[in-house]
Each structure stands twice: as structure tokens, then as C-alpha cells.
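Coordinate inspection notes
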Amino acid sequence: MRRSTNESSLIVSASSRSQISEVYRLLRTKIQFFFKDQELKTVMVTSSQPGEGKSTTISNLAIAYAQEGKNVLLIDADLRKPSLHRMFSSLNNPGLSTVLAGNSEVLDSIQETGYERLSLLPSGPVLTNPSELIDSQTMRELLEQLKPQYDVILIDTPSVLEVSDTVLVSALCDGVIMVAAAGKVKKDHLKKAREQLDHVNARMLGIVMNRVM
Ligand SMILES: Nc1ncnc2c1ncn2[C@@H]1O[C@H](COP(=O)(O)OP(=O)(O)OP(=O)(O)O)[C@@H](O)[C@H]1O
Ligand SMILES: [Mg+2]
């Protein structure tokens with residue numbers, strides 16, 4: 001079911017009955033329960049500041065969805081600090097950056113992860129002008145092209161206050177999950193991040209408190 005990975009951040013496995021795996025399954029279930037009447041096909045994760053646990057959360061949520069039988073595409077839209085290819089021991093070229101730059105086809109850039117039903121579009125190599133690559137129209141067209149092929153598309157992004165691409169991507173998604181690291185997140189940063197997301201009418205699904213305990 002799962003192959004070995006370089007990182008220990010992937011903790012939801014088929015056999016796992018651990019409390020922490022259960023937390024991600026619960027998150028998946030809660031999203032489906034509270035938003036059952038609304039289409040939630042594209043969901044992104046972000047945070048106010050770096051290092052709060054976005055990539056860990058979205059990867060484990062993606063595995064939880066795939067284990068439930070959904071066809072899942074995970075996209076690494078953090079074009080500056082890509083990490084999902086490492087978590088899934090994949091290559092990072094081609095990827096989203098090469099697709100956006102017109103140097104690869106999207107369908108040729110999507111990889112299997114070793115988890116059934118879970119595919120990965122890694123970020124691709126870090127190019128010199130990442131903000132110029134992610135423009136609304138190209139991203140919108142890309143998501144529209146991919147949507148019919150998956151049950152759910154989960155997108156990892158940089159933190160809101162760090163990089164402006166995140167707000168742009170949030171406006172294209174059906175929902176946004178905020179991750180906040182307990183004991184680290186600053187109330188005013190969280191407020192500022194939410195204001196920026198509200199400004200583009202992003203739909204906030206909820207805040208995941210990470211690193212509690
Ligand atoms: N709940 C947790 N408990 C312990 N360690 C965690 C937890 N969540 C994340 N980490 C660790 O914290 C580090 C940062 O996590 P992660 O890469 O998911 O954050 P990020 O928000 O994506 O960071 P960046 O802003 O750099 O992209 C990683 O080493 C990860 O393994
Ligand atoms: Mg990350």
C-alpha cells in the first residue's frame with residue numbers, strides 16, 4: 001500500500017490505528033459533514049507564517065481521502081520551498097513550475113505516489129520568477145482541466161503573509177484550510193492572513209490547530 005518515504009511526516013497508513021492517523025480521518029470527515037451541500041473539489045491549505053505544518057497536514061489529509069476511495073490529486077503550489085516530492089520520494093521535475101512556464105504538459109508531470117488513488121503534481125524546479133508564473137488565468141485553466149479527472153484536488157501553498165501567490169490561489173479554490181501552530185501562531189498574524197483571504201472572498205473551511213501538546 002505505501003512505499004518507504006524519506007520523511008516521517010506521512011503518518012496515515014492503512015494499518016495505522018494511531019490517534020494521530022485518526023485525527024486526519026476526522027478532519028476529512030468533518031469537512032465532508034459540515035460542507036456536504038457545497039462543492040468542495042479544490043481545497044488548499046495555508047497558514048499565516050512559515051513552518052506551521054501546512055505540507056504535513058495536506059499530505060496526510062490527501063492520504064486519508066485516498067484511503068476512503070477518492071481519486072485524489074495533490075498539488076505542490078509552493079514554488080519557492082517545495083517539499084511534497086520529498087515526502088513522497090518523487091522526482092521534482094517536471095512539475096507545476098514547468099507546466100506554468102510552458103515547458104511540460106500537465107498530464108506528463110503528474111506522478112504516482114505509491115499510495116493507491118493518490119497522485120502528485122510536484123512543484124517542479126525552483127525558477128527565478130515564481131510569482132510571475134502563477135497568474136490567475138493560467139492556474140484557473142489548469143484546475144479546470146484537472147477537475148473532471150479527480151474527486152478532490154488538494155493544494156499546498158506558501159504561508160499567506162510570506163508570498164502573495166497564496167491569496168491568488170485561494171480565490172480559485174472551493175475552500176481553504178488554515179493551519180496554525182499552537183504556541184507559535186500570533187493572533188495578529190492570523191487576523192491579517194484571514195483579512196487577506198476574506199478580501200478575495202476565499203471560503204474558509206476552518207482552522208487546524210497543529211502541534212498541540
Ligand atoms: N503536529 C506535528 N508534530 C510534530 N512535528 C510536526 C507537526 N506538524 C509538522 N511538524 C514538523 O514541522 C516541520 C514543518 O512542517 P511542514 O513542512 O508541514 O510545515 P509547512 O507549514 O509546510 O512549512 P513551510 O512554510 O516551510 O512550507 C516539519 O519538520 C514537520 O515534520
Ligand atoms: Mg510546506
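Residues numbered from 1 in each chain as written. Chains lettered and ligands numbered in written order. Predicted model: local features only at pLDDT ≥ 70, side-chain atom pairs only at ≥ 80, totals over all residues.

Focus: the overall build of the chain
Condition: Strands are runs of DSSP state E lasting at least 2 residues, helices are runs of H or I lasting at least 4, and numbering of each runs from the N terminus. Within these notes, the globule rule equals 2.2 Å times the number of residues to the 0.38 power, and the radius of gyration is based on C-alpha atoms. A pair of residues counts as a contact when their C-beta atoms, built from backbone coordinates, are separated by no more than 7 Å.
Counting its regular elements, the chain contains nine helices and seven strands. Against the compact-globule benchmark of 17 Å for 213 residues, the chain has a radius of gyration of 16 Å, which places it among compact chains. Summarising its shape, the C-alpha atoms of the chain cover approximately 45 × 40 × 35 Å along the three principal directions. Taking all contacts inside the chain whose residues are at least 6 apart in sequence as the whole, residues at least 24 apart take part in 79%.

Describing the sheet that holds strand β7 (residues 204–210)
The strands making up a sheet associate through hydrogen bonds between their backbones, and the pairing can be parallel or antiparallel. Put simply, the rule reads: At least two bridges found by DSSP between two strands are what make those strands a pair. Axis definition: a line fitted to C-alpha atoms, limited for helices to the stretch in contact. Angles are taken between N-to-C directions and run from 0 to 180 degrees.
If you walk across this open sheet you meet the seven strands as β3-β4-β2-β5-β1-β6-β7, and the pairing is mixed. Taken across any chain shown, the strands that pair with only one partner, and hence form the sheet edges, are β3 (111–112) and β7. Bridge analysis of strand β1 (residues 42–46) against strand β6 (residues 175–181) gives four bridges, and the strand direction is parallel. What sits directly across from Met44, in β6, is Val176. The sheet contacts of helix α2 (residues 54–67) involve β1, β2 (72–76), β4 (118–121), β5 (152–156), β6 and β7, and relative to β5 the element is tilted by about 165°.

A short note on the environment of Leu120
Formally: Partly exposed residues are those whose C-beta has more than 12 but fewer than 20 other C-beta atoms within 10 Å; 20 or more makes a residue buried and 12 or fewer makes it exposed, with C-beta atoms placed from the backbone.
Residue placement: Leu120 occurs in strand β4. Exposure remark for Leu120: the 26 C-beta atoms within 10 Å place this residue in the buried category. If we ignore the near neighbours within four places in the chain, the residues touching Leu120 are Leu74, Leu84, Phe88, Ser90, Ile110, Gln111 and Thr113.

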